[in-house]
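Chain and residue survey
In case you want the letters, here they are:
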Amino acid sequence: MAQPSLSQRLVQGEKAALARLISWAENGDARFAETLRELGPRASKSWRTGITGPPGAGKSTLVNELARELRTHARTVGILAVDPSSPFSGGALLGDRIRMEERTVDPGVFIRSMASRGAHGGIARAAVDACDAIEAAGYDEILLETVGVGQAEYDVVSAADTVLVVLCPGAGDGIQAMKAGILEVADVLVVNKADLAGADRLATDLEEAVHIRATGGARDPQGWAAPVVTCSAGTGKDIDEVLRQIEKHRSWLAGERLERARREKRLRHVRRTVEEQLAQELWERRGWNEKASALLESGRAPYDVVETLVSSILGAAKRDGVKSA
Ligand SMILES: Nc1nc2c(ncn2[C@@H]2O[C@H](COP(=O)(O)OP(=O)(O)OP(=O)(O)O)[C@@H](O)[C@H]2O)c(=O)[nH]1
Ligand SMILES: [Mg+2]
């Protein structure tokens, strides 16, 4: 009897098949696209929630609690923990994995971590592909956690439909977060560690900052002003409130807004992937690395080298255009 194909195994809910598919996405393996193609067009039904925030704010603890809460509502959950700044692949987020052990034995939960070195090309591209794979496997919810609040993390988390920014009182709290432009990316601001002193103060500061932004015309009047939720992932307090705010944002986005947002995200993903594949083609397969080195060594100025290389394809494209016209 013929072995079931990977796409068949995926649809049957086999986690190993999903893990394999994600590895193909990470490695830039052509079988990733083939498998998605085989699965055919499907309605996108997974809600993607991104979770970002400074190291140690309690993102992983919150993800674990959100997953627990979602499971009580019979929602299946795919968790993707991405560390764009870590050179270590796989084991980078092992700590998180161990903490989430309880979730991993649940057949309705899938957990995977990813670091930049594991991804062939861009981690942001690989993360979107991984989310698409999780969606294709039929999970209702995707929780996409990143470490840190830099540009690389934002690139990853901006693939989500709803972005949570998790902060906590203490070192590097509110003011720093605002400087880092966190208000711009947050759909929901979560003040975690409510059990610690300073949480209420941080929440008030954030509410004020959101209000100033909203009234300062930085957002359109019908726009979404990020709510501030205070919770304690460590004790499980008010996790349901965090979920309620995600649901509210989801209802607000539903319809035309959601379609537009997802269209933009798809376009960004296509652009990234095209850039990545072209770069591979030129630098690796067409030997541009060697060509550029040789030209530089022969004493050519960097911009001369750029022009020579670029016109070698653009010139060719122009000639082809003339031919086909
Ligand atoms: N007091 C208190 N501690 C918490 C709470 N939530 C998480 N912690 C603790 O904060 C520490 C960091 O939690 P993590 O969930 O690993 O934080 P993280 O944001 O995922 O950290 P990185 O992935 O390293 O950026 C752990 O020791 C948690 O036990 C909370 O609500 N209250
Ligand atoms: Mg973490």
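Structural notes, computed from the coordinates. (Residues numbered from 1 in each chain as written. Chains lettered and ligands numbered in written order. Predicted model: local features only at pLDDT ≥ 70, side-chain atom pairs only at ≥ 80, totals over all residues. Heavy atoms only, no water.)

Concerning the sheet that holds strand β4 (residues 141–146)
On the basis of which strands lie adjacent, the open sheet formed by seven strands has the order β3-β2-β4-β1-β5-β6-β7 and parallel pairing. The two strands at the open ends of the sheet, each matched to only one other strand, are β3 (109–115) and β7 (228–230). Taken pair by pair, the neighbouring strands of this sheet meet at an average axis angle of 20 degrees, ignoring direction. Pairing between strand β2 (residues 77–83) and β3: seven bridges, direction parallel. Within β3, the residue paired with Leu80 across the bridge is Arg112. Helix α11 (residues 199–215) rests against β5 (162–167), β6 (188–191) and β7 of the sheet, and its axis sits at about 160 degrees to β6. (Pairing = 2+ DSSP bridges. Helix = DSSP H or I, 4+ residues; strand = E, 2+ residues; numbered from the N terminus. Axes fitted to C-alpha atoms, helices over the stretch in contact; angles between N-to-C directions. Contact = heavy atoms within 4.5 Å.)

Quick word on the pattern of salt bridges
Summed over the entire model, instances satisfying the criterion amount to 20 salt bridges. Taking the shortest distance from any N to any O, the salt bridge between Arg125 and Glu276 comes out at 2.9 Å. Of the two residues, Arg125 sits in helix α7 (residues 123–136) while Glu276 sits in helix α13 (residues 256–285), which places them 151 residues apart along the sequence. In this structure, Arg125 and Glu276 share a single accessibility class: buried. Residue Glu141 is joined to Arg250 by a salt bridge in which the shortest nitrogen-to-oxygen separation is 3.7 Å. With Glu141 in strand β4 and Arg250 in helix α12 (residues 239–253), this residue pair connects regions lying 109 residues apart in the sequence. Glu141 sits in the buried class, given a relative accessible area of 5%. Residue class for Arg250 comes out partly exposed when judged on its relative accessible area of 22%. Here the salt bridges do not stand alone but share partners, grouping Arg75, Glu141, Glu247 and Arg250 into one network. (Salt bridge = Lys/Arg side-chain N within 4 Å of Asp/Glu carboxyl O. Buried < 20%, exposed > 50% of the residue type's maximum accessible area, 1.4 Å probe, protein only.)

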